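As a plain string of letters, each chain reads:
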Amino acid sequence: MLTGKKILLCVTGSIAAYKSVILVRLLIKAQAEVKVIMTTAAMDFVSPLTFSTLSKNKVLSNLFDQEMWTNHVMLGRWAEVMLVAPASCNTISKMANGICDNLLQATYLSAICPVVIAPAMDEDMWRHAATKRNIDLLKEYGHTILPVNNGELASGLTGEGRMGEPEEILKFLEKFLSEKLSLSGKKILITAGPTYEPIDPVRFIGNHSSGKMGICIASEFAARGAEVTLILGPSSETVSVNVTTIKVTSANEMYNAFFSYFDESDIIVMAAAVADFTPEDIALQKIKKNGNELTLKLKKTPDILSKAGEMKTNKQVLVGFALETENEKTNALKKLHNKNADLIVLNSLNDNGAGFGHDTNKIIIFNKKGEEQLFEKKPKREVATDIVNAIINFKNE
C-alpha cells in the first residue's frame, strides 16, 4: 500500500529516535521511498549512518548546505507526507510558533504536503499547558497529531508521552495515504468568513462570523490531497499553506471571486456568512454625527448560493450552510430545495457552543431526500471531518 510513496521522516532529539530506525526499515520493506532529516540533537541518540544505510539516501541535516541551499524547498515539495517522529517538546514548540533555525524547521515552513507529528516526551512535559497550547495550534494548522502511548518513560516514570510504536505508525501511514489523498486531482471551492458592507470609509454592516468553520473544512479537503481554493471574507484566522486563499471584503467581491473559480470546481462548499443587504449609497467621507437619527437605504446583495444552484452541473456537488434561530429544520430544508443545493449544513444559535466565534460546533446535515445526520457538539476541525465525509459519501452514492 506504500509502494512508491514519498515519505520525508524528520527525527528530533529524543530517546525514541531508536524507534524511527525500525520505522525506516518497515517503510523500505513496504517499498516506500524515504528521505531522512535529522536535527543536531537527534544525532546524539542515533548515527546518521544508520538512517542513510537503511533509507539508501543521504541523511540531511544542514540548512546551509553550500551545494543545495534551497534543499528545504525541494524537500517540502518532493514529499507526499512529512512525518516528524519523534517530535520532541522543543521541535513541537518551534513548529507551532514558526521558528526557522534548522533544516527541519525550514522544510516544515516550506512544505506543501500533509504533516504528521508523533510526539515523544516525559509525561509532565506532555501535560504542560504550553505543550497543550502548541499541540492545539498545530491541529489548527491542519496537521495530524498521532496519539502518545502510556508506559515506561526515559525518566523512569510511567505515564503518557511515549511515541507510538513503529508498527502502529506504519499502519497509520498506510491508511492515511490511502484515505487522506483520496481526493487527489479534485478541485474544491469554499467560501468562509463574513462580508463587510461599507457605509462610509470607516463603518460597515457585518456579522460575527470568524471563518473558522470554513477554514477547517478547507484544511480537511487539502489534507486529503484536493486542490482547494478558499474565498475568505475578513478574518484573522490562520489558513493552511496547502490552501489557495483569495481574500475579499464585500459580498460583491466574494461573488466575483467565487464565480471565477466555479466552473472548474468539483465540490463547492458555501460556509461564508454573506450579508443579505448592503447600503445603496456609500458615503465618500466619514458620516458625521448630525442629529439623533441616521437613515440607511439598503439593497439586497447578490445571492451567491442561489446563482450557484442555477449554474451547477450533475458532476458538481453543492453544499450550503444554514445558521438559524427558529424553525431550524424547516428553514434549512426550505433553503436546501430553494437554492438547489445537494446538502445543507444546519447549525443553530440556540445550541451552546455552536455558531459564530466558537471553537466548537453542533450540526445536522440534510440531503435532498430529507434524510438527516445529527452530530454531537465537537471541535470544528472534527466537524470539518464529518462534513467532508458526508460530502464524499453523497458523491459516491
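Anything mentioned here points back to the structure above.
Residues numbered from 1 in each chain as written. Predicted model: local features only at pLDDT ≥ 70, side-chain atom pairs only at ≥ 80, totals over all residues. Heavy atoms only, no water.

(A) Structural context of helix H9 (residues 212-223). Between the first and last C-alpha of H9 there are 16 Å, a value that for twelve residues agrees with the 16 Å anticipated at 1.5 Å per step. Within H9, eleven of the twelve residues are buried, leaving the element largely enclosed by the surrounding structure. A positive backbone phi angle near 95° is found at Gly-225, which sits one or two residues after H9. (Helix = DSSP H or I, 4+ residues; strand = E, 2+ residues; numbered from the N terminus. Expected span 1.5 Å × (residues − 1). Buried < 20%, exposed > 50% of the residue type's maximum accessible area, 1.4 Å probe, protein only.)

(B) Main features of the sheet that holds strand S1 (residues 6-11). Here we have five strands laid out as an open sheet, ordered S2-S1-S3-S4-S5, and parallel in their pairing. Each of the sheet's edge strands pairs with one partner strand only, and the pair in question is strand S2 (33-38) and strand S5 (144-145). Relative to strand S3 (residues 81-87), S1 runs parallel, the two sharing four bridges. Residue pairing in the sheet places Leu-9 in a bridge with Leu-83 of S3. (Pairing = 2+ DSSP bridges.)

(C) Region of the structure containing the packing of helix H10 (residues 251-261) against helix H11 (residues 304-311). Closest axis-to-axis distance for the H10/H11 pair is 11 Å, and the angle between their directions is 20°. Looking at the two axes, H10 sits roughly parallel to H11. Relative to H11, the crossing made by H10 is right-handed. The residues of H11 that touch H10, namely those facing Ala-251, Met-254, Tyr-255, Phe-258 and Phe-259, are Ile-304, Lys-307, Ala-308 and Met-311. Class assignment of the residues belonging to the contact of H10 with H11 gives a composition of eight nonpolar, no polar and one charged. (Axes fitted to C-alpha atoms, helices over the stretch in contact; angles between N-to-C directions. Parallel < 35°, antiparallel > 145°, perpendicular 65-115°, else oblique. Left-handed = near helix turned anticlockwise from the far one by under 90°. Contact = heavy atoms within 4.5 Å. Nonpolar A, V, L, I, M, F, W, Y, C, P; charged D, E, K, R; others polar.)

(D) Highlighting a nonpolar patch on the surface. A contiguous nonpolar surface patch, about 390 Å² in accessible area, is contributed by Ile-15, Tyr-18, Ile-22 and Phe-45. Tracing the chain through its elements places Phe-45 in the loop between S2 and helix H2 (48-55). (Patch = residues over 30% accessible without salt bridge, like charges linked within 9 Å, V, L, I, M, F, W, Y side chains within 5 Å. Areas by Shrake-Rupley, 256 points an atom, 1.4 Å probe, with all protein chains shown as cover. Salt bridge = Lys/Arg side-chain N within 4 Å of Asp/Glu carboxyl O.)

(E) Looking closely at unusual backbone geometry. The omega torsion of the bond from Ala-85 to Pro-86 falls at 0°, within 30 degrees of zero and hence cis. Even without a glycine there, the phi angle at Lys-56 is positive, about 65°. Looking at the element boundaries, Lys-56 is found in the loop between H2 and helix H3 (71-78). With a relative accessible area of 65%, Lys-56 lands in the exposed category. One non-glycine residue, Asn-340, lies in positive phi territory at about 60°. Within the secondary structure, Asn-340 sits in the loop between helix H12 (328-338) and strand S17 (343-348). Given the relative accessible area of 32%, Asn-340 is considered partly exposed.

Everything listed here is a matter of coordinates, which is why it stays silent on function.
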